[in-house]
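One letter stands for each residue in the lines below.
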Amino acid sequence: QVHLVESGGGLVQAGGSLRLSCAGSGIIFSTNRMGWYRQAPGKQRELVAIITSGGLRNYGDSAKGRFTISRNNANNTVYLQMNNLKPEDTAVYYCNCYGEYPPHYDYWGQGTQVTVSS
């Protein structure tokens, strides 16, 4: 059974920072692509950041220059450091584990709420 558990969300003022964590069990993060996505009310889920098993990173336009994704393979955790937060960053943030090789399994966490006040 695979479980992804996000933590670190909360309420922060604009300009502040948060660090999200995603801890996994039942799967090895180091051999998979890990990612963060977010969904704001009334909007589609969108990419925030991904990191491949080889360490390559890709960011959504809204995250570039402000957010950093990293992983700690030793403790099967992936992080999202978010700086200079804006009210438009308010959303539920989801952790994702995607299998880079067949079968391309696709696991999601339950999400953590991030609210940025102006």
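Above this note sits the structure.
Residues numbered from 1 in each chain as written. Predicted model: local features only at pLDDT ≥ 70, side-chain atom pairs only at ≥ 80, totals over all residues. Heavy atoms only, no water.

Enquirer: What's the story with the state of the cysteines in this structure? I'm lost.
Expert: Within this structure, the stated rule accounts for one disulfide. Across the disulfide, cysteine 22 is cross-linked to cysteine 95 (sulfur-sulfur distance 2.1 Å). Handedness here is read from the sign of the S-S torsion; for cysteine 22 and cysteine 95, about -80 degrees, the answer is left-handed. With cysteine 22 in strand 3 (residues 18-25) and cysteine 95 in strand 9 (residues 91-98), this residue pair connects regions lying 73 residues apart in the sequence. (Disulfide = S-S within 2.5 Å. Helix = DSSP H or I, 4+ residues; strand = E, 2+ residues; numbered from the N terminus.)

Enquirer: What is the right way to look at the packing of aromatic side chains in this model?
Expert: Each aromatic ring pair is characterised by the separation of its centres together with the angle its planes make. Tallying each qualifying case throughout the model produces two aromatic pairs. Seen from their ring centres, tyrosine 37 and tryptophan 108 are 5.1 Å apart, and the 65 degrees between their planes marks the pair as edge-to-face. Residue tyrosine 37 is found in strand 4 (residues 33-39), and its partner tryptophan 108 is found in strand 10 (residues 106-108); the two are separated by 71 residues along the sequence. Residue tyrosine 37 is classed as buried on the basis of its relative accessible area of 15%. What makes tryptophan 108 partly exposed here is its relative accessible area of 34%. Sitting over the face of the ring of tyrosine 79, arginine 19 holds its NZ or CZ atom 3.9 Å from the ring centroid. Positioned above the aromatic ring of tyrosine 94, the side-chain terminus of arginine 45 is 3.8 Å from the ring centre. (Phe/Tyr/Trp six-rings, centres within 6.5 Å; stacked < 30°, edge-to-face > 60°. Buried < 20%, exposed > 50% of the residue type's maximum accessible area, 1.4 Å probe, protein only. Lys NZ or Arg CZ within 6 Å of the ring centre and 35° of its normal.)

Enquirer: Please clarify how the nonpolar core should be interpreted in this entry.
Expert: Across soluble globular proteins, nonpolar side chains show a tendency to be buried alongside one another. Residues Trp36, Val78, Leu80, Met82 and Tyr93 are the most contacted members of the largest nonpolar core, which totals 27 residues. For this core, the secondary-structure elements that each account for two or more residues are strand 3, strand 4, strand 5 (46-51), strand 7 (67-72), strand 8 (77-82), strand 9 and strand 11 (112-117). (Core = buried A, V, L, I, M, F, W, Y, C linked by side-chain atoms within 4.5 Å.)

Enquirer: Hey, could you run me through the pairing of strand 3 in this one?
Expert: Successive residues of a regular strand alternate their side chains across the two faces of the sheet. In terms of strand pairing, strand 1 (residues 3-7) meets strand 3 through five bridges, oriented antiparallel. Bridge pairing links serine 7 to serine 21 in strand 3. Bridge analysis of strand 3 against strand 8 gives six bridges, and the strand direction is antiparallel. Pairing of leucine 20 across the sheet is with leucine 80, part of strand 8. (Pairing = 2+ DSSP bridges.)

Enquirer: Looking at this model, I keep getting lost on the pattern of salt bridges. Mind explaining?
Expert: Oppositely charged side chains can pair when the atoms bearing their charge come close. Tallied over the full model, the rule gives four salt bridges. The salt bridge partner of aspartate 89 is arginine 38, with a shortest N-O separation of 2.9 Å. Separated by 51 residues along the polypeptide, aspartate 89 in the loop between strand 8 and strand 9 and arginine 38 in strand 4 bring together distant segments of the chain. Both residues of the pair, aspartate 89 and arginine 38, count as buried. Salt bridges linked by common partners bring Arg38, Glu46, Arg66 and Asp89 together as one network. (Salt bridge = Lys/Arg side-chain N within 4 Å of Asp/Glu carboxyl O.)

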